Amino acid sequence: MKTQAGIGRRAGALITAAAAVGAVVALPGQTAAAAAGSAVAGGAVPPYTFDSSAQRIQGAASSSDAVELKTRQTYRDTLKRNGKVYYRVNLDQQNAYVSVVAVPKAGGKVEYGDGFKVSMQDGSGTECGYQQANFSSSEYTRPLAAYARRIVDADSSTCQRAGAYYVLVERESKASTDDWELEIRYASEPVLKKAGPTALPEVWASGTPGPPAGGPRARQGGSGVHDATSLTQGEWRSDIRPGQTLFYRVPVDWGQQLFATAELGSSATGDEYIGHALVLSLENPALGHVDENTVSYSGKPATLALDALRPVAHENRSSYDEATNGMRFAGWYYLSATLNPAMAKEYGDKTVPLTLRVSLRGNAKPGPGYDGDPGRFSVSADDKETAEKGASEAQAASGSDSMRVVAAAGIGSGTILLLGLGGWTLVARRRAAA
């Protein structure tokens, strides 16, 4: 015969189990990796986090066999050494961007100039727009991003017809022998209702603003574009391992200027010189490369800053300067920071303090007058709220900063608790009546 005390012990166990279910839920502003705990020193460096919804495809050796890409869908492919693959996009009278994030094997050896090129061609093989990405002077692997584009331009006679266009991705590698994983996205941008200005202002504020107020706040970076941690203006503190790349994103509206600096904290274990210890890179909302910089390290605090960039404006696309050209639309701009794997040998395979300082200058202005929904090429009130909370794209898509997960877990554990207590009460009443 079961006693009231035995039933009570079962209820207590049920309450404990329900509490444990709720305890594993990530708090708002945390990435999944941060909620689960960072990799321990000496363990594997967290790998690049691909979009879990990405569709696996295989690029074709010939444009005639190219698989078609769709907007609002992420794709994955593998690019061989010295490889060359084609994809297809069917274009109407809209601007088109196809971005590629190339992810080499972590810890691999590369040389200056190793990288890849992505270009868009029409049916006659005419090149519409391309971009190259390489490791520059930092001879260690890290994710690289670049995009191909086709722009509708009444003053141009090439690449203006609607129809099939082809995206070519090709390796430009000397030392790297590993296959590279690719994350591919296709985005379209509406044309303007009426032509706007094309000339760049001769005078613009190029001076770097003072550091943001408020002091550092903890916000760990993500491990890929899809889980890049959102930031607003401020000073943000993360921890980074040798060989690791952290990703962040910042909403930048029309007329605003983005300034970003990165600082490595001092070390108490050595003073060995490490060249290109940290690389900071910036990509625009279509994941086209905009700018990057690098800094050496010798155990003392080391700081780098991206070049002063022009305010976001539609007319920036008329510039031949890649950094200016890249600041062509509003939306989420992506920052990535990579720590040289050589740091592990000289300073130990442990995390190094990383501080990002992000400043936005200028008030938001109206857009250029798109003839359609600008989609990702705009900044909404929801985007600003997401940035304040620190949510990634993945978290925002699943319910705004994981709150839906928190609510579901809370409801689930609460339901278990209520059902358990209800059952215990019913059994207790029947036994008391007997």
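Shown above is the structure to which this text applies.
Residues numbered from 1 in each chain as written. Predicted model: local features only at pLDDT ≥ 70, side-chain atom pairs only at ≥ 80, totals over all residues. Heavy atoms only, no water.

J.: Give me the lowdown on the sheet that holds strand β2 (residues 67-68), citing residues and values where you can.
T.: Pairing is mixed across the open sheet formed by 5 strands, whose spatial order is β2-β4-β9-β6-β7. The sheet is open, and its two edges are formed by β2 and β7 (127-134), each paired on a single side. One ladder, built from 7 bridges, connects strand β6 (residues 115-121) with β7; its direction is antiparallel. Bridging from a neighbouring strand, F116 pairs with A133 of β7. (Pairing = 2+ DSSP bridges. Helix = DSSP H or I, 4+ residues; strand = E, 2+ residues; numbered from the N terminus.)

J.: So what about unusual backbone geometry? Which residues, and what values?
T.: It is generally the case that most residues other than glycine have a negative phi and that most peptide bonds are trans. Phi is positive for R72, which is not a glycine, with a value near 65 degrees. Take R72: its relative accessible area is 81%, and that puts it in the exposed class. The backbone phi angle of C159 is positive, close to 55 degrees, even though this residue is not glycine. With respect to the helices and strands, the residue C159 is situated in the loop between β8 (144-150) and β9 (163-172). Judged by relative accessible area, C159 falls into the buried class, the value being 6%. (Buried < 20%, exposed > 50% of the residue type's maximum accessible area, 1.4 Å probe, protein only.)

J.: Explain the state of the cysteines to me, using residue names and the numbers behind them.
T.: Under the definition given, this model contains 1 disulfide. A disulfide bridge connects C128 with C159, and the sulfur atoms are separated by 2.1 Å. The sign of the -85 degrees torsion about the S-S bond sets the C128-C159 disulfide as left-handed. With C128 in strand β7 and C159 in the loop between β8 and β9, this pair connects stretches of sequence that are 31 residues apart. By relative accessible area, which is 24% here, C128 ends up partly exposed. (Disulfide = S-S within 2.5 Å.)

J.: For the sheet that holds strand β16 (residues 274-283), give the residues involved together with the corresponding values.
T.: Strand order in the open sheet formed by 5 strands is β12-β14-β19-β16-β17, and the pairing between neighbours is mixed. A strand with exactly one partner marks an edge of an open sheet, and here the two such strands are β12 (229-230) and β17 (289-297). The pairing of strand β14 (residues 245-252) with strand β19 (residues 331-339) spans 8 bridges and is classified as antiparallel. The residue bridging T245 from the neighbouring strand is T338, located in β19.

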